[in-house]
Amino acid sequence: MQYYPAIYYLPHEEPMVMVEKVHLINDEQCICSVQVNKNGILAPFLNDNNELPNLYAIELMAQTIGVWNGYHGIINNKKPQLGMLLGGRSIKTLLPSFPHYSHLVIHTNLVLFDSKLANFDCQIKIDEQCVVSGKLNVYEPDQTELAHLFGQNRLGEEKK
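Here's a quick rundown of the structure. Treat the numbers as computed from the prediction; the structure is a model and nothing was measured.

Take a nonpolar patch on the surface next. Nonpolar side chains collect at one region of the surface, where Tyr4, Ile7 and Tyr8 lie side by side and expose about 300 Å² of accessible area between them. Counting through the fold element by element, isoleucine 7 comes out in the segment before strand 1 (21-25).

Moving on to the packing of aromatic side chains. Per the stated rule, a full pass over the model turns up eight aromatic pairs. Ring centres of tyrosine 8 and tyrosine 9 lie 5.2 Å apart, and the angle between their planes is 90°; this geometry places the pair in the edge-to-face category. Using a relative accessible area of 39% as the deciding quantity, one classes tyrosine 8 as partly exposed. The structure contains a cluster of three or more aromatic residues connected by ring pairs, namely Tyr3, Tyr4, Tyr8, Tyr9 and Tyr71.

Attention now goes to the environment of glycine 66. Residue position: glycine 66 is located in helix 1 (residues 57-75). Once the C-alpha coordinates of glycine 66 and lysine 135 are considered, the two residues, 69 residues apart in sequence, prove to be 14 Å apart. Setting aside residues up to four positions removed in sequence, glycine 66 forms contacts with Tyr9 and Leu10.

What counts as what
- Residues numbered from 1 in each chain as written.
- Predicted model: local features only at pLDDT ≥ 70, side-chain atom pairs only at ≥ 80, totals over all residues.
- Heavy atoms only, no water.
- Patch = residues over 30% accessible without salt bridge, like charges linked within 9 Å, V, L, I, M, F, W, Y side chains within 5 Å.
- Areas by Shrake-Rupley, 256 points an atom, 1.4 Å probe, with all protein chains shown as cover.
- Salt bridge = Lys/Arg side-chain N within 4 Å of Asp/Glu carboxyl O.
- Helix = DSSP H or I, 4+ residues; strand = E, 2+ residues; numbered from the N terminus.
- Phe/Tyr/Trp six-rings, centres within 6.5 Å; stacked < 30°, edge-to-face > 60°.
- Buried < 20%, exposed > 50% of the residue type's maximum accessible area, 1.4 Å probe, protein only.
- Contact = heavy atoms within 4.5 Å.

Right under this line is the structure:
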């Protein structure tokens, strides 16, 4: 199946889009990829050696989850929604940074899902070798919750 570029499924704008290609989306998984390249979309985040520090791994996995969510929203006639990363568990990395020109393939597999809260088992692979793994918990707030968080009436404040 052909998919649009990842940005199509995300509510983000450049330069905050960190995944590029979509390889697979189904009911339970999503696979995206991006190349670490000083001329690519990850360029703003590379260190002096043109490597991507491994702290960005969580965002790569979260955005791949966002692609999964955006795709399922679009097929249900909803535009991509903002999601929130609640946390991660058992995150393990084998590399301090991802080398220049490495091709990162990000796999997310749905473990638990209710209408707003989900848990995904995630991996990042380079040349079929898993270099990052972990579980991410994500939440999709509704418009009322977003208004409380980012609007005039912040969460916990009374309406004026």
